[in-house]
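Letter by letter, the chains look like this.
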Amino acid sequence: MQPNKIAVIGAGTMGTRIAAVFAARGFAVSLYSRTAASLEKAEPVIRTLAGGDAPVTFTTVLADCLSGAGFVSENIAENLALKQEVFRQIEQHVGDDCLLTTNTSSVPIGAIATVLRRPQRFIGLHWFNPADVMPMLEIVRGPLTGEPAFQQTMALCRALGKTTIAVDKDVPGFIVNRLQYALLREALHLVSAGIGTVEDVDFAVQSTLAPRWSAMGPMKLMDFAGLDTVRNVAAILLPELANDTHLPAWVLDRVEQGHLGVKSGRGFYVWSEEEIKTGMEHRNDIISLLTAKRSS
């Protein structure tokens, strides 16, 4: 049984595109934001992605958004106390059979669930940006998540045309972000140590690691390399890899100066409006191409 109505909480970048994904598949969607301005910004994006007649309503009243919902997708800031407070309110306005999901990449599922009366129906559903393009979602079991909640979430993802992986332990970063930040730590170390420039380290990933990893994952690649070879290389290399627990000072300096990346026009790179637009289009085209290749 698919839910009759999807309640999407939060109309930022993620919430807006998640609402569009559901609407494009014919689900009735209600999108909630605390401010009308956010909803006004979200509506044309959703209409473009899901169609002008997509079944979406927009509201600044949480109770209206949740009324009759069978599935909730929460997409607010990465703040435990804030998420707990929102879910306290959510549980007051939904039926006992409503499935509750949080789209978080860092807040523990179990910690949010401590405020819920029925934590067995609560689960992590981690989307990746842009939600309408990225093909895979992480389904994260909390300590008290029930098997029915997991199975229902997986079935709904299939109905959306998404693939899934199961995260069976509620660890910070889950699977994808842990892998991503392990690579990021070494990339930043290579720049900090003067071994390579930002541009060259990026190009090394784009030109070599990315195409290899799009064909097969790291452990399958190691099978092709030979595990005896992996053992010999690891004995030399692993002790040399970075184990920093904080970002390097030169990155934190950029943050303090307001150089936050694309959103401020400057980060590791300087960005013009045209470069931002072209870069986003190029990224989405590549992701769509790889997705089509996997499904063919």
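A. Here's a closer look at the side chain of Glu186. Locating Glu186 in the fold gives a position in helix 7 (residues 176-192). For the buried Glu186, no salt bridge exists, and the shortest N-O distance to an oppositely charged side chain is 6.4 Å, to Arg185. Every residue in contact with Glu186, bar those within four places of it in the chain, is listed here: Leu241 and Ala242.

B. View of the nonpolar core. Grouped together as the largest cluster of nonpolar side chains are 32 residues, with contacts concentrated most on Phe22, Val29, Leu31 and Trp127. Of all the secondary-structure elements, those providing two or more residues to this core are strand 1 (5-9), helix 1 (13-24), strand 2 (28-32), helix 2 (36-50), strand 6 (122-126), strand 7 (136-140) and helix 6 (147-159). When residues of this core are assigned to their parent elements, the largest contribution, seven residues, is made by helix 1. In terms of nonpolar packing, the next biggest core, distinct from the first, is built from 24 residues, Ile9, Val86, Val94 and Leu100 among them.

C. Here's a closer look at the environment of Asn129. Positionally, Asn129 belongs in the loop between strand 6 and strand 7. Overall, Asn129 belongs to the partly exposed group, its relative accessible area being 37%. Distance from Asn129 to Glu85, taken between C-alpha atoms, is 25 Å for residues 44 residues apart in sequence. Setting aside residues no more than four positions away along its own chain, Asn129 makes contact with Thr13, Met14, Met134 and Arg283.

D. Quick look at the sheet that holds strand 2. Read from one edge to the other, the open sheet built from eight strands follows the order 3-2-1-4-5-6-7-8, with strand pairing classed as mixed. Each of the sheet's edge strands pairs with one partner strand only, and the pair in question is strand 3 (56-59) and strand 8 (163-167). Each adjacent strand pair in this sheet contributes to an overall mean axis angle of 25°, direction not counted. Of the pairings in the sheet, the one linking strand 2 to strand 3 comprises four bridges and is parallel in character. Across the sheet, Leu31 pairs through a bridge with Phe58, a residue of strand 3. Where helix 1 meets the sheet, its contacts fall on strand 1, strand 2, strand 3 and strand 4 (71-74), and the angle it forms with strand 2 comes to roughly 170°. Across the sheet, helix 4 (residues 80-93) lies against strand 1, strand 4, strand 5 (99-102) and strand 6, angled at about 165° from strand 5, the strand it touches most.

E. Examining the packing of aromatic side chains more closely. Enumeration over the complete set of coordinates arrives at six aromatic pairs. In textbook terms, an aromatic cluster arises when at least three aromatic residues are bridged by ring pairs, as seen for Phe22, Phe27, Phe71 and Trp127. Across the ring face of Phe150, the terminal group of Arg141 is positioned such that the distance to the ring centre comes to 3.8 Å.

F. Structural view of the pairing of strand 8. Pairing geometry for strand 7 and strand 8, over five bridges, is parallel. Within strand 8, the position partnered with Ile139 by the bridge is Ala166. Once you follow strand 7 into helix 6 and on to strand 8, the crossover reads as right-handed.

Each value, and the rule that gives it
Along each chain, residue indices are assigned from 1 in the same order as the chain's sequence is written. Since the coordinates come from a predicted model, pLDDT governs what is reported: local features require at least 70, and pairs of side-chain atoms require 80 or more to be given and counted, while whole-chain, interface and lining totals use all residues. Remark: hydrogens and water are excluded; side-chain values derive from all non-hydrogen atoms of the structure. Counting from the N terminus, the helices are DSSP H or I runs at least four residues long and the strands are E runs at least two residues long. Using a 1.4 Å probe on the protein chains alone, a residue whose accessible area is under 20% of its type maximum counts as buried, one over 50% counts as exposed, and one in between counts as partly exposed. Counting rule for charge: Lys and Arg are taken as positive, Asp and Glu as negative, and neither His nor the chain ends is counted. When a carboxyl oxygen of Asp or Glu lies within 4 Å of a side-chain nitrogen of Lys or Arg, that pair is called a salt bridge. Residue contacts follow a heavy-atom distance rule, with two residues in contact if any of their heavy atoms lie within 4.5 Å. Each nonpolar core is a collection of buried residues, namely Ala, Val, Leu, Ile, Met, Phe, Trp, Tyr and Cys, held together in the definition by side-chain atoms within 4.5 Å. A pair of strands is considered paired only if DSSP assigns at least 2 bridges between the two. Simply put, an axis is a line fit to the C-alpha atoms, just over the touching stretch for a helix, and the angle between two N-to-C directions goes from 0 to 180 degrees. Classification of ring pairs rests on two measures: the distance between centres of Phe, Tyr or Trp rings, Trp counted by its six-membered ring, which must be within 6.5 Å, and the angle between planes, read as stacked under 30 degrees, edge-to-face over 60 and tilted in between. A ring has a charge above it when a Lys NZ or an Arg CZ is no more than 6 Å from the ring centre and no more than 35 degrees off the ring normal. Handedness rule for crossovers: strands pointing away from the viewer, path from the first strand over the helix to the second running clockwise, crossover right-handed.

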